[in-house]
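Residues per chain, in single letters:
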Amino acid sequence: MTVDRVVNGIARGVFVFLYIPIAAVIVYSFNAAGTNTRFEGLTLQWYVELFQDAALMQTLQTSAIVAVITATVATAIGIMFALGLARYRGRGRASLLALIALPLIVPEIVLGVAMLSVFSATKIPLGILTLVLGHLIVSLPLATLVLMSSAAMLDPSLPEAATDLGCTPWQTFTRVYFPLLRPAVVAAWLLSFTTSFSNIVMSTFLSGVGSTTLPLKIYSSLKTGLTPSINALGALLILLTLVIVLLVGVSQMRRILVESRS
Amino acid sequence: MTSMTRAIQLGRKEKPKRGSLLLLIPGIASVVLLGILPLFIVARNSFAVADNYGGITDGLTLDNYAKLLDPVYSKTLLYSLGLGLLNTAVCLVIGYITSYYIVSRPAGKQGFLLLLVIIPFWTDFLVRTFAWITILGSGGPIAGVLGIFGIAGFSLIPSNVAVVLGLLYSFLPTAIFPIYASMRSIDGSLKEAATDLGCGWWGVQRRVILPLTRPGLLGAALLTFIPTMGVFVIPVLLGGGKDPLVGNLIVTLYTEFRNQPMGAAASMLLLILMLISMVLVGLLLQRSATKGSSSRTKRSSTEKGA
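The model shown is predicted, which means the values in this text are computed figures rather than measured ones.

Calculation criteria
Residues numbered from 1 in each chain as written. Chains lettered and ligands numbered in written order. Predicted model: local features only at pLDDT ≥ 70, side-chain atom pairs only at ≥ 80, totals over all residues. Heavy atoms only, no water. 1 Å grid on protein atoms, 1.4 Å probe; cavity = no way out; pocket = protein on both sides within 12 Å on 5 of 7 lines; lining within 4 Å. Points joined across faces, edges and corners; volume = space filled by probe spheres on them. Helix = DSSP H or I, 4+ residues; strand = E, 2+ residues; numbered from the N terminus. Nonpolar A, V, L, I, M, F, W, Y, C, P; charged D, E, K, R; others polar. Phe/Tyr/Trp six-rings, centres within 6.5 Å; stacked < 30°, edge-to-face > 60°. Buried < 20%, exposed > 50% of the residue type's maximum accessible area, 1.4 Å probe, protein only. Polar contact = N/O pair within 3.5 Å; in protein donor to acceptor, adjacent residues only side chain to side chain. pLDDT = per-residue confidence, 0-100. Patch = residues over 30% accessible without salt bridge, like charges linked within 9 Å, V, L, I, M, F, W, Y side chains within 5 Å. Areas by Shrake-Rupley, 256 points an atom, 1.4 Å probe, with all protein chains shown as cover. Salt bridge = Lys/Arg side-chain N within 4 Å of Asp/Glu carboxyl O. Contact = heavy atoms within 4.5 Å. Buried area = accessible area lost by both parts, 1.4 Å probe. UniProt positions renumbered as here; feature names shortened; annotations may be inferred. Arc of directions from axis to C-beta.

Student: Give a detailed account of the layout of surface pockets, specifying residues and quantitative values.
Tutor: Quantified by volume, the second largest pocket comes out at close to 320 Å³. The wall of the second largest pocket is formed by 16 residues, among which Leu116(A), Leu126(A), Phe205(A), Tyr254(B) and Arg258(B) lie closest to the centre. When contributions to the lining of the second largest pocket are tallied by element, the ones reaching two or more residues are helix H5 (108-121) and helix H9 (201-206) of chain A together with helix H12 (246-256) of chain B. In the lining of the second largest pocket, the residues fall into 8 nonpolar, 7 polar and 1 charged.

Below, the structure written as C-alpha cells:
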C-alpha cells in the first residue's frame, strides 16, 4: 500500500508538471517587467503590442486562411471516406484503413521533405497552395478517424428509408447523414483547423516568400530571444486550445484519443 | 447490418457498393498523391548525384548514405538514437504510472483527469516549447527564487537538461493515451484475484497489469521513439543548437545547405528506422499474444479489432 501512495504522489506530480508551462506562459504574459526578469505587477501592454505588430498580423492572416481551407477540404474528404467505408464491406477494408492512417505513422518531417521534393521537381512555387496540401496530408487522417467512428454508429436503415421515400442521394446526405454526423463534422473541422494552424514541421518546408505562417514567425523571433509579447500570444493560443477542446467535447475527445488507440 | 443483408437478398448489392467506392476515391487519391508518391521520390533522390547547387541530377550513387557515416553526421545519429531511447523510456515509465493512477480513480473522475492530459496535448507545440524558456531561463521563477537566496545567474537555457524536459513534456501526453487505453480494459477482478493469491504490489504489476498493458506500451513507444529523433525545434530553442537531432540535420541539409540528395538520405534513414521499429513492435505483439493463455490471446485480439 505504501507503494500505491508513492505512485499516486508521482502521478499527482505529473499533472502539476503538465500545467507548470501553461501557467508560466499565462502569468508572464501579464508581467509588467519588460525583460521577463522579475514579476513586477500586472499589465495588458504586451497584448496591445501584439495587435499593433503588422508583420505578425500578416502571418496570423496567412495561417488563418490556410487553416480554414485545410480544415474544410480535410473534413469534406473525411466525410466521403467515412461514409464510403461504413457501407463498404468488401475485401481490403483493413488496407484502406491503414492507407488513410499512413500519414500518422510516417515521421512528419519526412512527409514535409517528400512534398518539397515534388514541388521543387515540378517547379510549383511555394505558397498558400503548397501549405494547404502539406497541412491536408497531416490533418486528413485525424479528420477521417473522427468521422469514421461516428459513421460506424449510424443505423444503415435510415438512409435506406430516405431513399425509399424518394430522396435523391444528395437529399439523403443533407437530410439524414449530415444532421446525424454534425458533432463529428464539427470536431473533425476544429481538430484539422488546430492541426494546420499550429503546424510548424510541414510549414518549414512548404512556405514560400510572403506566405510565412504564424508558427514560423514565432519560431524565427524566438531564435533571437523570448519577448513578453510572445508570452501574450502564447496565452491567447492556450485560450484557443481550451475553447476548441471544450467545443469538441470531452467525451468525443476521449473517443478520438483513447478508443482509437486501443 | 440486417438491412444490409436484406439489401443483398433483394439483389441491390451492386448499387450501394459502387457508390461507396466512389466516395473513397478523394481520400485514397490524397494519400497516394500527397503521401506515398512523394515518399518514392525522396527514396529516388537519396540515390541521386547532387549538382553544384545541391539539386537533383540523374545519377545513381550510394555516396549520400556513405556520407552519413562521416563522424560529423554519425555523431548526430548516435546522439539522436540515445536521446530517442531515453525520452521513450522516461515517457513509458511516467506514462505507465500516470495511467495506473487515472485507471484507479472512480469513473467520473477519470474523464476529468483525461481532460487534464488532453489540454496540453492540443496546446500549440511551439507554446509548449517556449514555455520552458520562461521557466528555466534567467528571468524565470526558478532564477527568481534562487536570487532571493543570493544565488545569481541561474539559467538552464540553453542546456541539454532543458532539451530532455522539453522532449518529455511534448511526448508524455502522446504516450499516456495508448497506455491508458489498454490499462483501462483490464478486468479489475484480475488484480483482486492476484492480490488474494498472495501477489504483492510488484507481483500484481509484473504478472497481471504489465503483460496486459503491453500493446499500449508498445504503441506508445512507437509514437515516441522515432518522432523524437525527427524533432528540430526543441534542440534549437532549448539546447541552443549545439547538439542537433536527425530532424535538425534534415532541415539544415534542405533549407541551408540545399543539398537535397543528402537530405533525402537522412530522411530515408528515419523512415527505415520507423519501419524497423514497426516490424519489431509487430513481432513483440505477436509473441505476447502466443505466449499468453488462451483467454489472454482472445482479449488482445479483440482489443486490436476495436
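Student: Which residues make up the packing of aromatic side chains, and what are the values?
Tutor: For the coordinates displayed, the defined rule picks out 16 aromatic pairs over all chains. On the numbers, 5.6 Å between centres and 40° between planes, the contact of Phe17(A) with Trp132(B) is tilted. Remark: Trp132(B) occurs in helix H6 (residues 125-136) and Phe17(A) occurs in helix H1 (residues 2-29); the pair is interchain, linking two chains. We classify Trp132(B) as buried; its relative accessible area is 4%. Their ring planes at 75° and their centres at 5.8 Å tell us that Tyr100(B) and Trp201(B) sit as a pair that is edge-to-face. One end of the pair, Tyr100(B), is in helix H4 (residues 71-103); the other, Trp201(B), is in helix H10 (residues 201-229), with 101 residues separating them in the sequence. We classify Trp201(B) as buried; its relative accessible area is 17%. Taken together, Phe17(A), Trp132(B) and Tyr169(B) form an aromatic cluster joined through their ring pairs.

Student: Could you give me a rundown of the side chain of Thr134(B), with the residues and numbers involved?
Tutor: Relative to the assigned elements, Thr134(B) resides in helix H6. By relative accessible area, Thr134(B) is classed as buried at 1%. At a separation of 3.5 Å, a polar atom in the side chain of Thr134(B) contacts the side chain of Asn231(A).

Student: Give a detailed account of empty space enclosed by the protein, specifying residues and quantitative values.
Tutor: The final tally for this structure, using the stated rule, is 1 cavity of 30 Å³ or more. Computed from the structure, the largest cavity encloses a volume of approximately 40 Å³. Forming the walls of the largest cavity are Thr194(A), Phe197(A), Ser198(A), Leu237(A), Leu240(A), Thr241(A), Trp122(B) and Asp124(B). Mapped by element, the contributors of at least two residues to the lining of the largest cavity are helix H8 (169-197) and helix H11 (228-248) of chain A.

Student: Before we move on, can you summarise unusual backbone geometry with the specific residues and values?
Tutor: All names here are of chain B. Following Ile157, the chain continues to Pro158 via a peptide bond in cis, the omega torsion being 0°. Its location among the elements puts Pro158 in the loop between helix H7 (141-148) and helix H8 (160-184). The backbone of Arg258 shows a phi angle near 50°, a positive value even though the residue is not glycine. Following the sequence through the fold, Arg258 ends up in the loop between H12 and helix H13 (260-291).

Student: Just give me the short version of the confidence of the model for chain A, but keep the residues and values in it.
Tutor: Looking at chain A, the pLDDT average stands at 90 and 96% of residues meet or exceed 70. When the elements of chain A are averaged for pLDDT, helix H12 (residues 250-257) of chain A gives the smallest value, 80, and H9(A) the largest, 96.

Student: Describe a nonpolar patch on the surface, naming the residues involved and giving the relevant values.
Tutor: All names here are of chain A. Together, Phe51, Leu236, Leu239, Leu242, Val243, Leu246 and Leu247 give the surface a local cluster of nonpolar side chains, amounting to about 650 Å² of exposed area. Examining the composition of the nonpolar patch, we find that 6 residues originate from one element, H11, more than from any other. Mapped onto the fold, Leu246 is located in helix H11. Under the relative-accessibility criterion, Leu246 is labelled exposed at 58%.

Student: Kindly report on the interface of chain B and chain A, identifying the contributing residues and their values.
Tutor: Counting from both sides, the interface comprises 90 residues of chain B and, opposite them, 86 residues of chain A. Surface buried jointly by chain B and chain A totals about 8,100 Å² across both partners, of which 79% is contributed by carbon and sulfur atoms. Where chain B touches chain A, the interface holds 0 salt bridges. Counting every contact that joins chain B to chain A gives 7 residue pairs in polar contact (both at pLDDT 80 or more). At 18 residues, the largest contribution of residues to the side of chain B that touches chain A is made by helix H2 (residues 14-45) of chain B. Grouping the amino acids of the side of chain B that touches chain A by side-chain chemistry returns 64 nonpolar, 19 polar and 7 charged.

Student: Account for the UniProt feature "domain: ABC transmembrane type-1" (unreviewed entry) in chain A, with residues named and values stated.
Tutor: UniProt feature "domain: ABC transmembrane type-1" (unreviewed entry): in the numbering of this structure it lies at residues 60-248 of chain A. Between the C-alpha atoms that bound residues 60-248 of chain A the distance is 23 Å, and the span itself is 81% helix and 0% strand.

Student: Any chance you could break down the UniProt feature "transmembrane region" (unreviewed entry) in chain A for me, citing the residues and the numbers?
Tutor: Taking the numbering used here, the UniProt-annotated feature "transmembrane region" (unreviewed entry) corresponds to residues 12-30, 64-84, 96-118, 124-148, 184-210 and 230-251 of chain A. The span residues 230-251 of chain A carries 95% helix and 0% strand; its end-to-end C-alpha distance comes to 32 Å.

Student: So what's going on with H12(A)? Residues and values would help.
Tutor: For H12(A), the full list of buried residues reads Gln252(A), Met253(A), Ile256(A) and Leu257(A). For H12(A), the angular spread of the buried residues around the axis is 125°, confining them to a single face. For H12(A), the elements touching its buried residues are helix H6 (128-151), H8 and H11 of chain A together with helix H5 (107-122) and H8 of chain B.

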